[in-house]
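# Summary of the model geometry
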Amino acid sequence: MKNLTKLLMVSVVILFCTQAVSAQGKKEREAAKAEKIKSLLQSQNYVFEANYVIPMTGNSKSLTYGYDLTVSKDTVSAYLPYYGRVTLPPVDPTDGGVKFTSTSFSYKSTVDKKGSYNIVITPNEHNDRGAKDVRYIRLNIGSTGYASLQVVSNNRDPISYNGIIVERKPRK
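## So, the pattern of salt bridges
- Scanning the model with the defined rule gives one salt bridge in all.
- For K36, the salt bridge goes to E167, with nearest N and O atoms at 3.1 Å. Separated by 131 residues along the polypeptide, K36 in helix α1 (residues 2-43) and E167 in strand β10 (residues 159-167) bring together distant segments of the chain.
- Here E167 falls in the partly exposed class, since its relative accessible area comes to 41%.

Put into structure tokens, the structure is as follows:
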């Protein structure tokens, strides 16, 4: 009976030690991820990959691969779907969604008390196709890289997207 008690005590100690090591490794991974996200946002060189769309009216939908908002210091490029009410439809019927590339924009970034980033991007090119309809884009990014994006337009209902922030791959 004493051997069984000793064996039980040793296994409990081993269990607690492995959980402590596991928790410490998780904290280190989270800290490394938070530092990587912070450096991406400070360098203004990242991609928001949308995986879920939340229209103002209608049902929310999961998205397939390929919808994103690419941000660099000199260019913002959006390729996102749009579901909702449009008050002034585009002249070109193939010009649906939130699709534009802007080289003239304002970029304002703030950090709140919890360490989340709030970024507002306002395109200044009101004559470019696509960018003329976007009033501003707001990104709310957590320290782990999960983000929500809201697009407020002049001629459409607002729309939101959920996704992740990833590193922008250099063009070849």
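## A short note on the packing of aromatic side chains
- On inspection of all chains with the given rule, the structure shows one aromatic pair.
- A centroid spacing of 5.6 Å and a plane angle of 10 degrees characterise the contact between Y67 and Y79, whose relative ring orientation is stacked. In this pair, Y67 sits in the loop between β2 (61-62) and β3 (68-71) while Y79 sits in strand β4 (residues 76-80), placing the two residues twelve residues apart along the sequence.
- Judged by relative accessible area, which is 39%, Y79 ranks as partly exposed.
- Over the aromatic face of Y83 sits the side chain of K61, whose NZ or CZ is 4.1 Å from the ring centroid.
- If you follow R156 out to its NZ or CZ, it ends over the ring of Y82, 4.9 Å from the centre.

## Details of the side chain of D157
- By secondary structure assignment, the location of D157 is in the loop between β9 (146-153) and β10.
- Look past the residues within four positions of D157 in its chain and what remains in contact with it is M56, Y82 and R85.

## Things to note about unusual backbone geometry
- The phi dihedral of Q44 falls on the positive side, at around 50 degrees, and the residue is not glycine.
- In this structure, Q44 sits in the loop between α1 and β1 (46-55).
- The class for Q44 is buried, based on a relative accessible area of 18%.

## What to know about the pairing of β10
- Two strands pair when backbone bridges link them, and β1 and β10 are joined in this way by nine bridges, in the antiparallel orientation. Residue V53 lies in a different strand from β10, and its bridge partner there is Y161.
- Bridging between β9 and β10 involves six bridges; their strand directions are antiparallel. Each bridged residue has a counterpart across the sheet, and for Q150 the counterpart in β10 is S160.
- Taking the residues that link successive antiparallel strands as the turn, the β9-β10 hairpin has five residues.

Basis of the calculations
- Residues numbered from 1 in each chain as written.
- Predicted model: local features only at pLDDT ≥ 70, side-chain atom pairs only at ≥ 80, totals over all residues.
- Heavy atoms only, no water.
- Salt bridge = Lys/Arg side-chain N within 4 Å of Asp/Glu carboxyl O.
- Helix = DSSP H or I, 4+ residues; strand = E, 2+ residues; numbered from the N terminus.
- Buried < 20%, exposed > 50% of the residue type's maximum accessible area, 1.4 Å probe, protein only.
- Phe/Tyr/Trp six-rings, centres within 6.5 Å; stacked < 30°, edge-to-face > 60°.
- Lys NZ or Arg CZ within 6 Å of the ring centre and 35° of its normal.
- Contact = heavy atoms within 4.5 Å.
- Pairing = 2+ DSSP bridges.

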